[in-house]
Amino acid sequence: MKIVLLGPPGAGKGTLAGSLKDKLNFIHISTGDILREEMKNNTHLGQEAKSYIEKGELVPDELVTRLIENKLLSNGLIGKDIMFDGFPRTQNQAEDLDRILSEKNMCVDYALYLKASLSVIIKRLTGRRVCRNCGALYHIINMPPKKDGICDKCSGELYQRADDNEETIKNRMDVYNQSTAPILEFYEKQNKLKVLNADEGAAEVLKAALGILNG
Ligand code: AP5
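Since we're looking at a predicted model, the values are computed, not measured. (Residues numbered from 1 in each chain as written. Predicted model: local features only at pLDDT ≥ 70, side-chain atom pairs only at ≥ 80, totals over all residues. Heavy atoms only, no water.)

Asks: Give a description of the overall build of the chain that names residues and reports values.
Replies: Along its length, the chain carries nine helices and eight strands. Since a compact globule built from 215 residues should have a radius of gyration of about 17 Å, the 16 Å found for the chain is in line with a globular shape. Projected onto its principal axes, the C-alpha positions of the chain cover 50 × 40 × 35 Å. Across the 215 residues in the chain, those meeting the buried criterion constitute 44%. Put simply, of all contacts in the chain between residues at least 6 apart along the chain, 71% involve residues at least 24 apart. Of the roughly 11300 Å² that the chain leaves accessible, carbon and sulfur atoms contribute 47%. Treating the 30 positive side-chain charges of the chain as one cloud and the 30 negative ones as another, the clouds have centres 4 Å apart. (Helix = DSSP H or I, 4+ residues; strand = E, 2+ residues; numbered from the N terminus. Rg over C-alpha atoms; globule rule 2.2 N^0.38 Å. Buried < 20%, exposed > 50% of the residue type's maximum accessible area, 1.4 Å probe, protein only. Contact = heavy atoms within 4.5 Å. Areas by Shrake-Rupley, 256 points an atom, 1.4 Å probe, with all protein chains shown as cover. Lys, Arg positive; Asp, Glu negative; His and termini not counted. Charge placed at Lys NZ, Arg CZ, Asp CG, Glu CD.)

Asks: Provide a residue-level description of the side chain of R124, including the pertinent values.
Replies: Tracing the backbone shows R124 in helix 6 (residues 118-126). The side chain of R124 is buried and forms no salt bridge, while D199, the nearest opposite charge, is found at 5.4 Å. A polar contact is formed between the side chain of R124 and the backbone oxygen of A198, at a distance of 2.9 Å. (Salt bridge = Lys/Arg side-chain N within 4 Å of Asp/Glu carboxyl O. Polar contact = N/O pair within 3.5 Å; in protein donor to acceptor, adjacent residues only side chain to side chain.)

Asks: Break down unusual backbone geometry for me, citing the residues and quoting the values.
Replies: Of the consecutive residues F87 and P88, the connecting peptide bond is found in the cis state with omega at 0°. Within the element layout of this structure, P88 appears in the loop between strand 3 (82-85) and helix 5 (91-102). Even without a glycine there, the phi angle at N25 is positive, about 65°. By secondary structure assignment, the location of N25 is in the loop between helix 1 (13-24) and strand 2 (27-30). Phi at N191 is positive, roughly 60°, even though this residue is not glycine. In this fold, N191 is placed in the loop between helix 8 (183-189) and strand 8 (193-197).

Asks: Quick rundown of the site of the ligand? Include the residues and the values.
Replies: In the neighbourhood of the ligand, 36 residues make up the surrounding shell, with T15, E57, R89, R128 and R172 lying closest. A distance of 2.9 Å is found between an oxygen atom of the ligand and a side-chain nitrogen or oxygen belonging to K13. Within the contact set of the ligand, a nitrogen atom lies 2.8 Å away from a side-chain nitrogen or oxygen of T31. Listing elements by their share of the shell around the ligand, those giving two or more residues are helix 1, helix 2 (31-40), helix 6, strand 6 (137-139) and helix 9 (202-214). Among the elements that take part in the shell around the ligand, helix 2 stands out by supplying four residues, more than any other. In terms of residue class, the shell around the ligand is made up of 15 nonpolar, eleven polar and ten charged. (Near = heavy atom within 4 Å. Nonpolar A, V, L, I, M, F, W, Y, C, P; charged D, E, K, R; others polar.)

Asks: How would you sum up the pattern of salt bridges? Please name residues and give values.
Replies: In this structure the tally under the stated criterion is 13 salt bridges. Among the ionic pairs, K50 bridges to E54, the shortest N-O distance being 3.4 Å. Of this pair, K50 and E54 are both found in helix 3 (residues 44-55), four residues apart, which corresponds to roughly one turn of the helix. Here K50 falls in the partly exposed class, since its relative accessible area comes to 39%. Put simply, R128 and D164 hold a salt bridge, and the shortest N to O gap is 2.9 Å. Of the two residues, R128 is situated in strand 5 (residues 128-131) and D164 in the loop between strand 7 (158-159) and helix 7 (166-180); the sequence distance between them amounts to 36 residues. Like R128, the residue D164 is buried in the burial classification. One salt-bridge network, held together by shared partners, links R128, R161, D163, D164 and R172.

Shown next, in the form of structure tokens:
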């Protein structure tokens, strides 16, 4: 099965993907995580992506699609159950994903849309903390770690993402509304779109997603 997780920044795509991965044994592919790893390792791709990510702009389609295509084909992942988090983000990326999968007689099965209100998004992003070592997600109020600043899972240091500041969040929202929201219709036309109320707590969102995927 192939699932794409759609929704504005901070709607909870990464959080849901982490829980679904544990419950259903899916492979989680997050373009945001991959690009941040490239930035951390100061690769050519990372250097190129940095200027876009820090401003809250989208990395060019061509770069991101090539990244996904390589990951799916060269690592032999394409036949597995996969959750795409943060990809596709434009109409071109959505069409490219359909093309890559259809060349192997596969398709996207569900597009889960995490619908969240702006006030919830802002609180979630400004309070988010991420483990520098394993990438686990926390929130200073909603999902605090047991020890301040330390990851429960691996004792790594928690940090605040550079793009989680109010100015960049505003730009990320504008970019989302302009470039990503229109692809909801792309999946609706294919009868694959399922809407989840992402204002609810993580356990409720997970339950609703499992209901769809197991149903
Ligand atoms: P990316 O990392 O994908 O960022 P995003 O889409 O902005 O999404 P976020 O990671 O900010 O939020 P999320 O929905 O995963 O929420 P989370 O689960 O963390 O992309 C970053 C950048 O990379 C982009 O701006 C772009 O530049 C580039 N990029 C990436 N993919 C690209 C692509 N395909 N094309 C071009 N460029 C691309 O949750 C947020 C917080 O809320 C956490 O603290 C969490 O603990 C908390 N929380 C989550 N769910 C709940 C809940 N239900 N109840 C209470 N708290 C919750």
